[in-house]
Amino acid sequence: MQNKTIVEKSLIAPSVYKLQIEIINKFAGGDITKNKVIMDHLPKNSLTNQLLIAAKKGTPIVTFGKKDRPGIIVLAGVHGNELPPQIASVRLINKLAVEDLSVTVHVIPFAIPLSTEHGIRSWKGQDPNRTANLFGTPTNNILSASKKNNVKYLGDFHSTRPGGYPGELSVLCSEMPCLLSFQMANFIEKETKSTLMSFTKAGSMFPGALEDVFNLAGIPAVTGEAMSPHGTVIPGSVAASLEQMEAFLKFHKVFKAPLELT
């Protein structure tokens, strides 16, 4: 029996897609269609439309597989003006929808849709990637939802501007308290052209960063960074971000058959 795509138990997508769409962070909803740059690069199909409809209601989380099983989460859009990973995550969702998977995968393509709508990186004047340790923030709610969904591993994907930090195609991790964070990043580095950036202890450099807060909570996490100035999508940036995401999933043997990286 095929699964139905469900958004708040009311919006039904074509049943051919073996996934579920639910809403968390209802206060973070936004109209992604108002961001012309991101819209110019999203796949044009019914599944993408369902994601856009869901994003108006809050943060959409797409689940492949049974929710009661341990899962993996791919996240994009913590900063609304970092567009390549958000586009890449929608493309990943379209790929996963027709794949035969061996484990449960969750994808959040737009962490804070309202920020993406306006093309900004802040949430109520704060950097959401420095407040994941604060109750009630969008990123802290993602942590809570991940625990509820029995998520075991996180891949948080961003894009960095030239001259910013880290300022290059890279994958960030820490060695303590979750050595698997380093092992995942090391694998992604070898599978892609990303530079490995490792910190000895999570939270030592960027307290409140989502990756660090997950690691400190015992959920091994990495951060992937593609290259593109904020609010833009330079050629190759979406493909680079998607390649990082697929390498992250490949590490966890998500696919029953080998997946060719895009």
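Since the model is a prediction, treat every value here as computed from it, not as a measurement. (Residues numbered from 1 in each chain as written. Predicted model: local features only at pLDDT ≥ 70, side-chain atom pairs only at ≥ 80, totals over all residues. Heavy atoms only, no water.)

A. Spatial organisation of the overall build of the protein. Counting its regular elements, the protein contains eight helices and ten strands. Radius of gyration (C-alpha) of the protein: 16 Å, near the 18 Å computed for a compact globule of 262 residues. Projected onto its principal axes, the C-alpha coordinates of the protein cover approximately 45 × 40 × 35 Å. Residues counted as buried form 55% of the 262 residues belonging to the protein. Carbon and sulfur atoms form 55% of the exposed surface of the protein, whose accessible area is close to 11,000 Å². Distance from the positive charge centre (27 side chains) to the negative charge centre (21 side chains) of the protein: 7 Å. (Helix = DSSP H or I, 4+ residues; strand = E, 2+ residues; numbered from the N terminus. Rg over C-alpha atoms; globule rule 2.2 N^0.38 Å. Buried < 20%, exposed > 50% of the residue type's maximum accessible area, 1.4 Å probe, protein only. Areas by Shrake-Rupley, 256 points an atom, 1.4 Å probe, with all protein chains shown as cover. Lys, Arg positive; Asp, Glu negative; His and termini not counted. Charge placed at Lys NZ, Arg CZ, Asp CG, Glu CD.)

B. Region of the structure containing the confidence of the model for the protein. With 91% of its residues at a pLDDT of at least 70, the protein reaches an overall mean of 91. When the criterion is pLDDT under 50, residues 1-16 qualifies, and its contacts beyond four places in sequence or with other chains add up to 36 contacts. (pLDDT = per-residue confidence, 0-100. Contact = heavy atoms within 4.5 Å.)

C. Representation of the pairing of strand β7 (residues 151-160) within the structure. Among the ten residues that make up β7, eight are buried, leaving the element largely enclosed by the rest of the structure. Note: strand β5 (residues 71-76) against β7, six bridges, orientation parallel. Within β7, the residue paired with Gly-71 across the bridge is Val-151. (Pairing = 2+ DSSP bridges.)

D. Quick peek at helix α2 (residues 46-55). Taking burial as the measure, the ten residues of α2 include seven buried ones, the bulk of the element. Buried residues of α2: Leu-47, Thr-48, Gln-50, Leu-51, Leu-52, Ala-54 and Ala-55, and no others. If you check the start of α2, you find a side-chain oxygen 3.2 Å away from the backbone N of Leu-47, and it comes from Asn-45. (Polar contact = N/O pair within 3.5 Å; in protein donor to acceptor, adjacent residues only side chain to side chain.)

E. How the structure looks around the layout of surface pockets. Looking at the second largest pocket, its volume works out to about 350 Å³. Lining the second largest pocket are 28 residues; nearest its centre among them are Asn-129, Arg-130, Tyr-165, Phe-206 and Glu-225. The set of elements that each furnish at least two residues to the lining of the second largest pocket consists of β7, β9 (195-201), α7 (210-216) and β10 (221-227). Class assignment of the residues belonging to the lining of the second largest pocket gives a composition of nine nonpolar, ten polar and nine charged. (1 Å grid on protein atoms, 1.4 Å probe; cavity = no way out; pocket = protein on both sides within 12 Å on 5 of 7 lines; lining within 4 Å. Points joined across faces, edges and corners; volume = space filled by probe spheres on them. Nonpolar A, V, L, I, M, F, W, Y, C, P; charged D, E, K, R; others polar.)

F. Molecular detail of the sheet that holds β10. With mixed pairing, eight strands are arranged side by side in an open sheet as β3-β4-β6-β5-β7-β10-β8-β9. Bordering the open sheet on either side are β3 (20-24) and β9, each of which pairs with just one other strand. Along the sheet, successive strands turn relative to each other by an average axial angle of 20°, direction set aside. Looking at chain direction, β7 and β10 are connected through seven bridges and run parallel. By the bridge assignment, Phe-157 is partnered in β10 with Gly-224. (Axes fitted to C-alpha atoms, helices over the stretch in contact; angles between N-to-C directions.)

G. Structural detail: the side chain of Asn-129. On the secondary structure map, Asn-129 appears in the loop between α4 (113-118) and α5 (138-148). Here Asn-129 falls in the buried class, since its relative accessible area comes to 9%. Among the polar contacts made by the side chain of Asn-129, one reaches the main-chain amide nitrogen of Leu-210 at a distance of 2.9 Å. Ignoring any residue separated from it by four or fewer positions in sequence, one finds Asn-129 in contact with Val-78, His-79, Asp-156, His-158, Gly-208, Ala-209 and Leu-210.

H. Examining unusual backbone geometry more closely. For the bond from Tyr-165 to Pro-166, the omega torsion is 5°, close enough to zero to count as cis. A cis geometry characterises the amide bond from Met-176 onward to Pro-177, with omega recorded as 5°. Counting through the fold element by element, Pro-177 comes out in the loop between β8 (170-176) and α6 (179-191). Within the chain, Asn-25 stands out as a residue other than glycine whose phi angle is a positive 50°. With respect to the secondary-structure elements, Asn-25 resides in the loop between β3 and α1 (36-39). In this model, Lys-253 sits at a positive phi of 55°, which is unusual for a non-glycine residue.

I. Highlighting the packing of α6 against helix α8 (residues 237-251). It is the contact of α6 with α8, at a shortest axis distance of 9 Å, that shows an interaxial angle of 125°. By the angle between their axes, α6 is oblique relative to α8. Judged by the twist between their axes, the crossing of α6 over α8 is right-handed. Judged by residue contacts, Leu-180, Gln-183, Met-184, Phe-187, Ile-188 and Glu-191 of α6 engage Glu-243, Gln-244, Ala-247, Phe-248, Lys-250 and Phe-251 from α8. (Parallel < 35°, antiparallel > 145°, perpendicular 65-115°, else oblique. Left-handed = near helix turned anticlockwise from the far one by under 90°.)

J. Highlighting α6. Counted at 1.5 Å a residue, the expected span for α6 with its 13 residues is 18 Å, and the 19 Å between its end C-alpha atoms agrees. Considered for burial, the residues of α6 that qualify are Ser-181, Met-184, Ala-185 and Ile-188. Buried residues in α6, looked at end-on, bunch into an arc of 95°, giving them a common side. Contacts from the buried residues of α6 go to β7, β8, β9, α7, β10 and α8. (Expected span 1.5 Å × (residues − 1). Arc of directions from axis to C-beta.)

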